[in-house]
Amino acid sequence: MTAPAAQAQNAAAGAATFKQQCQMCHVNTAGAKGFAAPNLWGVVGRKAGSTQFAYSTALKNSGKTWDPKTLDTFLTAPGKLVPGTRMVVAIPDAKKRADVIAYLKTLH
C-alpha cells in the first residue's frame, strides 16, 4: 500500500471515530455554528480560542497551537494538558488518536 493510500485510510478511520466520539459536541464544517464546543474546521495549526465559539477560559488562556503533537497530548488527557478545560472526552488508543488527527488535517 502506498503512503497516500495509507493516509487516506487513517483519515477515513479518524472520521468514523470523530463521528462516534466527537461530533456530539464539535462541528467539522466550514462556517457551521450551534454546537456546545468549538468548530474543528481548520483546527490543525490554529491557536486555541481563536474562533467565534465560546471556549473555556482555560483554553483561551492556554496559549496552545493545535499541531499534531499538541492534539495528541490533548486527546490523551485533555485536563492534564489544559487544566480547567471543559472537554472531558479522551481517546486513550494511540492509533485512534492518530487517525482522528489525520482526519482533522483534512478539514481545511
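Some remarks on helix α5 (residues 94-105)
Between its terminal C-alpha atoms α5 stretches 17 Å, which fits the 16 Å expected from twelve residues at 1.5 Å a residue. Those residues of α5 lying buried are R97, D99, V100, I101, A102, Y103 and L104. Here α5 starts with a cap whose side-chain oxygen sits 3.1 Å from the backbone nitrogen of K95, and that cap is D93.

A word on the packing of aromatic side chains
Following the criterion strictly, the structure yields two aromatic pairs and no others. Taken together, a centroid distance of 5.5 Å and an interplanar angle of 50° make the contact between F18 and Y103 tilted. Here F18, found in helix α1 (residues 3-21), pairs with Y103, found in helix α5; they are 85 residues apart in sequence, far enough to count as distant. A centroid spacing of 5.0 Å and a plane angle of 50° characterise the contact between W66 and F74, whose relative ring orientation is tilted. Overall, the relative accessible area of 6% leaves F74 in the buried class.

Cut-offs applied
- Residues numbered from 1 in each chain as written.
- Predicted model: local features only at pLDDT ≥ 70, side-chain atom pairs only at ≥ 80, totals over all residues.
- Heavy atoms only, no water.
- Helix = DSSP H or I, 4+ residues; strand = E, 2+ residues; numbered from the N terminus.
- Expected span 1.5 Å × (residues − 1).
- Buried < 20%, exposed > 50% of the residue type's maximum accessible area, 1.4 Å probe, protein only.
- Polar contact = N/O pair within 3.5 Å; in protein donor to acceptor, adjacent residues only side chain to side chain.
- Phe/Tyr/Trp six-rings, centres within 6.5 Å; stacked < 30°, edge-to-face > 60°.

Just distances and angles here, no functional claims.
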